[in-house]
Amino acid sequence: MDETTTDQLTVGQAIQYCWEQLHDSAVFYGHGTDNPWDEAVQLVLAVAGLPADAGDGVLPHVVSVTQRAEIERLLKRRIEEHVPLPYLLGKAWFAGLEFGCDPRAIIPRSPIAELILHDYQPWYAGPEPARILDMCCGGGCIGLAAAYYSKARVDLVDLDPEALALAAENRERLGLAHRVQIHQSDLFDALAPQRYDLILSNPPYVDAGDLASMPAEYHHEPELALGSGPDGLSLTRRILARAADYLSDTGLLVVEVGNSWEALEAAYPRVPFTWLEFEHGGHGVFALSAAELQEFSASLSG
């Protein structure tokens, strides 16, 4: 996209150009898109100030000289520095909502979004959730989406003050300050005794081997939010040991462990983890009811 050309550049042409450059590059897709075409579309539409779900009608839209230069700048960083696109754009989408996104927290991408949009069915059997906990909230996407699509009061918990600052900004962006509280805590340690209908968690769960071999894009994210010991389960073990004390009688614990699911089953062979299935992809998310946590408390606290 030569900036000196007098020809007008359209959105469609810019997308085609970005797709070609990305297709021929070594970038890794795993932060909101899984292919170069979708990545190109997101990049161009964002810079052109067009809706992320815009249809083909925007393709003839003219890209200004300033926008063209910005597309080139971001594309160069995406390809040469392997910076994930949401960090370049400063925003990401989760459960149909736009969140501020920067390296203070990992980029929203959990399949738990689909669970929220389906009212936690068919796995949650209690009354309409009144209190929800997002443990290891990062930038707050899971808990804030849970609050947005319900009437529940939600607590966001994380150890990292930088991630919590981003979560606070996202809370304001969505107008949820009246129902969402933010707590800096090492898991449950600083929380007052209380009971939640749902505990949702996407804790760090990458094992040491995977962490060392992850594509360059992931190294732009905070390591504290990714790695969790040799088998990826250091934090998950602690959550399992204490979650029952914070769930209502009909409550449900939902935790994402990704590729560490095999290690989890090996570590707790007697525990009947329910592995959730998702229509739009994703794996390694389990659910345990409050009753199951109580029944197998000896195994989980060991």
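- Named according to an unreviewed UniProt entry, the protein is 50S ribosomal protein L3 N(5)-glutamine methyltransferase originating from Seongchinamella sediminis.

### Overview of the nonpolar core
- Ranked by internal contacts, the top residues of the largest apolar core, which has 34 residues, are Phe94, Ile116, Tyr120, Ile132, Leu200 and Val254.
- Of all the elements in the fold, those that place two or more residues in this core are strand S4 (97-100), helix H5 (112-117), helix H6 (141-148), strand S6 (153-158), helix H7 (161-173), strand S8 (196-201), strand S9 (247-256) and strand S11 (285-289).
- The element that contributes the greatest number of residues to this core is H6, accounting for six residues.
- Once residues lying within four places of it in the same chain are set aside, the contact partners of valine 254 are Ile112, Leu115, Ile199, Leu200, Ser201, Leu276, Val285, Phe286 and Ala287.
- Among the nonpolar cores identified, the runner-up in size contains 30 residues, and Met135, Val157, Val255 and Ala290 belong to it.

### Points about a nonpolar patch on the surface
- On the surface, Leu117, Tyr148 and Tyr149 cluster together into a nonpolar patch covering about 290 Å² of accessible area.
- With respect to the helices and strands, the residue tyrosine 148 is situated in helix H6.
- Given a relative accessible area of 42%, tyrosine 148 falls into the partly exposed group.

### Considerations on the packing of helix H1 (residues 11-23) against helix H2 (residues 36-47)
- Two elements in contact, H1 and H2, have axes separated by 8 Å at closest approach and are oriented at 135°. Viewed along their axes, H1 and H2 adopt a mutual orientation that is oblique. The way H1 lies across H2 gives a crossing that is right-handed. Where H1 approaches H2, its residues Val11, Ala14, Ile15, Gln16, Cys18, Trp19, Leu22 and His23 are matched on the opposing element by Pro36, Trp37, Glu39, Ala40, Val41, Leu43, Val44 and Leu45.
- Considered class by class, the residues forming the contact of H1 with H2 number 13 nonpolar, two polar and one charged.

Reading guide: rules and limits
- Residues numbered from 1 in each chain as written.
- Predicted model: local features only at pLDDT ≥ 70, side-chain atom pairs only at ≥ 80, totals over all residues.
- Heavy atoms only, no water.
- Core = buried A, V, L, I, M, F, W, Y, C linked by side-chain atoms within 4.5 Å.
- Buried < 20%, exposed > 50% of the residue type's maximum accessible area, 1.4 Å probe, protein only.
- Helix = DSSP H or I, 4+ residues; strand = E, 2+ residues; numbered from the N terminus.
- Contact = heavy atoms within 4.5 Å.
- Patch = residues over 30% accessible without salt bridge, like charges linked within 9 Å, V, L, I, M, F, W, Y side chains within 5 Å.
- Areas by Shrake-Rupley, 256 points an atom, 1.4 Å probe, with all protein chains shown as cover.
- Salt bridge = Lys/Arg side-chain N within 4 Å of Asp/Glu carboxyl O.
- Axes fitted to C-alpha atoms, helices over the stretch in contact; angles between N-to-C directions.
- Parallel < 35°, antiparallel > 145°, perpendicular 65-115°, else oblique.
- Left-handed = near helix turned anticlockwise from the far one by under 90°.
- Nonpolar A, V, L, I, M, F, W, Y, C, P; charged D, E, K, R; others polar.

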